[in-house]
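Fold and contact review
Each chain, written out:
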Amino acid sequence: MIAIVDYGVGNLFSLKSSLAMIGADAIVTGKEEDLRAADKIILPGVGAFEDAANKLRASGLDAVVIEQANAGKPLLGICLGMQMLFDRSFEYGEHKGLGLIAGDVIDMRPRIPESLKVPHIGWNALKLTQPVHPLFRNIQEGDCVYFVHSFYAANCEEATIATADYGAKLTAAVARKNVHGCQFHPEKSGKVGLNILRAFCEQTE
Amino acid sequence: MITKRIIPCLDVKDGRVVKGVNFLGLNDVSDPVKLGQYYSDNGADELVFYDITASAEGRALFTDILTHVAETIFIPLTVGGGINTLDDFDRVLKCGADKVSVNSGAIRNPALIGEAAKRYGDQCVVLSVDVKRVVGQFRVFAKGGREDTGLDALTWIKRGVEQGAGEIVLNSIDTDGVKRGFDLEMLSAVCELVNVPVIASGGAGGIPDFVTLFTALPKVDAGLAASIFHFGEVQIKDLKQALHEAGIPVRRV
C-alpha cells in the first residue's frame, strides 16, 4: 500500500487517480500510523515552500516521513514535495527542508535568460544521467514530462538523475538510496509519467 | 527546451461536446470522456473543457463528466465556463482540474482574478479573452462573444496579468470559425504586452496555420482549436510531425 501524504496542500485527485490507473493500492492520508504501515510514501505539494513546510510540520508528519525514509522505505517527493526533501529553500527567505537530500532550492530567474518566462510551465524533455536510474527504466531519454515551477534544486549534482534544459540545466529528478524526487508532475505527464510512477511502485525496500 | 503545446478545446453542453462557428449554430460532436481520452492518447498536450451550460442540472452533469475525464486522462486539464466565484474554482479543482479559465466572470468581478491567484497560485488562473476589432480597437466581448463590453483588450489583459493571471487564452472573434489562420496581428500585440504564456485561439483551418503561428510568433506558447480536431480534419500526430519538421519543438508521442 502506498500512502500519499495529506497535509492540506494541493490537489491529490490526479495523483490518486493515476496510481489507481496503474493498479497501485494507494490511500490519501494524514495519519502517522498509515505512513508507518505503508510500503511506500509519496509526498506531494504545490504552492509556496514556507507555507507547505509549515503545514507539514504542524501536522507532525515531517518527523514520520524522515523516520520512515531513514528506515529505508521508498519515498517519492513530487514538485514542491521534491523540493522539501532538500536541506533548505530560498523561496521568499530561507527555510529549512527535511534534509533527506543535500542541496538548496533556489530561484531560476537569475540563472536563465530574461526572455524566458517564469514559471517554467509546460512539457520539457528529460535528459537522463548515466547509468539510467531504475525510476526511469520504463522511459527513454528525451521523453517529455510536465513542469510547473519557478524554483529548482541546485548544488545536488550527486543526487541528480535527470535534468531539463530551460536556458539552464534545471534539476528534474533526484535520488539518494530509497529517497526520490521529481520536480515535474508524473501524474500529469501522460504515459511517460505513469511509467515513472509504475517504476516507483515496483521498487522494493 | 520547452515544447509548444497543442490544445483541443471541448465545449460541453448538456453532457455532450459541441462546437459552433462564430459561436453560433451548435453541432453535437461527441462524448466528452471518449473524445478526451482519444486526444490524450493521440498527442494532445493539454485539454480545455468549456462548460457552456446555463442550467444548474447541466452544471452538475458537467462536474460529473469532468470527474470521469480527470480519472482517466493524465495530462493537464483546464476548465472554463460559468466560473464566477471562488466556489466555482473549488468545485472544478476538486473534480481534478489543474487550471481554471475565467472570462465573463472576471469582467463582472475583476477582483476574482487576484483572489483566485492568491488562493490557488498564478499558474492555476487562466484569463480567457474573446476579442473583436471595433473601430480600430481590440475590444473585449462577453457572454460567449455576444456582448461588447467597451473594454480595451490590451488594457484588460495587462491588468489581468498584474492581478495574477498566469496564462492568457486569446480568442479572436474576427478569425474564429473562418479557418484562414490565427489572428497574428492581435496575438503579436498581446505577446509584446505580457510575459506569461499566451495561447492562440480562433482561426486554425489546417496544419500550415499552426506552422505559421509558431514561426511568425515564437513568443506564442500554444495553439488551441476545436472543430478541426473534432471533425478529424487535422490529426494531432500529423500536426506535431509537421511542426517538428519545421524546427518547432513539440512533444511527440
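All of these numbers come straight from a predicted model, not from anything done at the bench.

A count of helices and strands for chain B gives 10 helices and 12 strands. Computed over its C-alpha atoms, the radius of gyration of chain B comes to 17 Å, within 12% of the 18 Å expected for a compact globule of 253 residues. Its C-alpha atoms give chain B principal-axis dimensions of roughly 45 × 40 × 35 Å. In chain B, which comprises 253 residues, the share counted as buried stands at 60%. The contacts of chain B with a sequence gap of at least 6 include a subset with a gap of at least 24, amounting to 65%. Surface exposure of chain B reaches about 9800 Å², of which carbon and sulfur atoms provide 52%. Treating the 27 positive side-chain charges of chain B as one cloud and the 33 negative ones as another, the clouds have centres 1 Å apart.

The next point concerns the overall build of chain A. Of the regular secondary structure elements, chain A holds 6 helices and 14 strands. For chain A, with 205 residues in total, the buried portion stands at 61%. Long-range contacts, defined as pairs at least 24 residues apart, comprise 70% of the intrachain contacts of chain A with a sequence gap of at least 6. Surface exposure of chain A reaches about 8000 Å², of which carbon and sulfur atoms provide 49%. Across chain A, the mean location of the 20 positive side-chain charges is 3 Å away from that of the 24 negative side-chain charges.

Where interface size is quoted, it is often the accessible area lost as the parts come together. Each partner contributes to the interface: chain A provides 26 residues, whereas chain B provides 32 residues. Taken together, the two surfaces of chain A and chain B that pack against each other cover about 2300 Å², and 60% of this comes from carbon and sulfur. Among the residues of chain A in contact with chain B, Phe13(A), Lys117(A) and Trp123(A) are the three that bury the most area, contributing 33% of the side total. Remark: the boundary between chain A and chain B carries 2 salt bridges. Its salt-bridge partner being Lys117(A), residue Asp221(B) comes within 2.5 Å of it at the nearest N-O pair. For the pair chain A and chain B, the interface holds 12 residue pairs in polar contact (both at pLDDT 80 or more). Those elements that place two or more of their residues in the side of chain A that touches chain B are α1 (13-21), β8 (120-125), β10 (144-149) and α6 (190-202) of chain A.

All names here are of chain B. Counting buried residues along strand β1 (residues 5-13), 8 of its 9 residues qualify, which places the element largely inside the surrounding structure. Looking at chain direction, β1 and strand β4 (residues 47-51) are connected through 4 bridges and run parallel. Residue pairing across strands places Leu-10 opposite Phe-49, the latter belonging to β4.

A word on unusual backbone geometry. When glycine is set aside, most residues are seen to have a negative phi, and most peptide bonds are trans. Residues and elements named next belong to chain A. Omega for the peptide link from Val-118 to Pro-119 comes to 5°, which places this bond in the cis form. Between Gln-130 and the following residue, Pro-131, the backbone shows a cis peptide bond with an omega angle of -5°. Structurally, Pro-131 can be placed in the loop between β9 (127-128) and β10. In this model, Lys-177 sits at a positive phi of 55°, which is unusual for a non-glycine residue. Tracing the sequence through the fold places Lys-177 in the loop between β13 (169-176) and β14 (179-182).

All names here are of chain A. On strand β3 (residues 40-43), burial covers both faces: Lys-40 and Ile-42 on one face and Ile-41 and Leu-43 on the other are all buried. Where strand β1 (residues 2-5) meets β3, 3 bridges bridge the pair, whose relative direction is parallel. Pairing of Ile-4 across the sheet is with Ile-42, part of β3. Note that β3 and strand β4 (residues 75-78) share 3 bridges and pair parallel. Its bridge partner being in β4, Leu-43 is matched across the sheet by Gly-77.

Here we come to the packing of aromatic side chains. Applying the stated rule across the entire model yields 8 aromatic pairs over all chains. By the ring-pair criterion, three or more aromatic residues cluster together here, those being Tyr38(B), Tyr39(B), Phe182(B), Phe210(B) and Phe229(B). When the ring centre of Trp123(A) is taken as origin, the NZ or CZ atom of Arg251(B), which lies over that ring, is 3.7 Å away.

Our focus in this paragraph is α6(A). For α6(A), with 13 residues, the first-to-last C-alpha span of 19 Å sits near the 18 Å given by 1.5 Å per residue. For α6(A), the complete set of buried residues consists of Gly190(A), Val192(A), Gly193(A), Leu194(A), Ile196(A), Leu197(A), Ala199(A), Phe200(A) and Cys201(A).

Let's shift gears to the sheet that holds strand β6 (residues 95-96) of chain A. What holds strands together in a sheet is hydrogen bonding between their backbones, with the strands either parallel or antiparallel. The 4 strands lie next to each other as β6-β5-β7-β11 (chain A), forming an open sheet whose pairing is mixed. A single partner strand is all that each edge strand has here, and the edge strands are β6 and β11 (151-154) of chain A.

All names here are of chain B. Residues at a pLDDT of 70 or more form 96% of chain B, whose mean pLDDT is 92. Residue range residues 22-26 is modelled with pLDDT below 50. Its contacts to residues more than four positions away, or to other chains, number 15 contacts. Reported confidences for the modelled complex are a pTM of 0.93 and an ipTM of 0.91.

All names here are of chain A. In spatial order, the strands read β2-β1-β3-β4-β14-β13-β12-β9; together these 8 strands make up an open sheet with mixed pairing. Every interior strand has two partners, whereas the edge strands, β2 (26-29) and β9, have only one. Relative to β14, β13 runs antiparallel, the two being bridged by 4 bridges. Of the residues in β14, the one forming a bridge with Arg-176 is Val-179. Sheet strands touched by α1: β1, β2, β3 and β4. Its angle to β1, the strand with the most contacts, is close to 170°. Sheet strands in contact with α6 are β1, β3, β4 and β14, and its direction is about 140° off that of β3.

Residues Leu47(B), Phe49(B), Phe89(B), Leu127(B), Phe210(B) and Phe229(B) are the most contacted members of the largest nonpolar core, which totals 80 residues. Once residues lying within four places of it in the same chain are set aside, the contact partners of Leu127(B) are Val102(B), Ala106(B), Ile113(B), Trp156(B), Ile157(B), Gly160(B), Ala165(B), Glu167(B), Ile168(B) and Val169(B).

Conventions used here
- Residues numbered from 1 in each chain as written.
- Chains lettered and ligands numbered in written order.
- Predicted model: local features only at pLDDT ≥ 70, side-chain atom pairs only at ≥ 80, totals over all residues.
- Heavy atoms only, no water.
- Helix = DSSP H or I, 4+ residues; strand = E, 2+ residues; numbered from the N terminus.
- Rg over C-alpha atoms; globule rule 2.2 N^0.38 Å.
- Buried < 20%, exposed > 50% of the residue type's maximum accessible area, 1.4 Å probe, protein only.
- Contact = heavy atoms within 4.5 Å.
- Areas by Shrake-Rupley, 256 points an atom, 1.4 Å probe, with all protein chains shown as cover.
- Lys, Arg positive; Asp, Glu negative; His and termini not counted.
- Charge placed at Lys NZ, Arg CZ, Asp CG, Glu CD.
- Buried area = accessible area lost by both parts, 1.4 Å probe.
- Salt bridge = Lys/Arg side-chain N within 4 Å of Asp/Glu carboxyl O.
- Polar contact = N/O pair within 3.5 Å; in protein donor to acceptor, adjacent residues only side chain to side chain.
- Pairing = 2+ DSSP bridges.
- Phe/Tyr/Trp six-rings, centres within 6.5 Å; stacked < 30°, edge-to-face > 60°.
- Lys NZ or Arg CZ within 6 Å of the ring centre and 35° of its normal.
- Expected span 1.5 Å × (residues − 1).
- pLDDT = per-residue confidence, 0-100.
- Axes fitted to C-alpha atoms, helices over the stretch in contact; angles between N-to-C directions.
- Core = buried A, V, L, I, M, F, W, Y, C linked by side-chain atoms within 4.5 Å.

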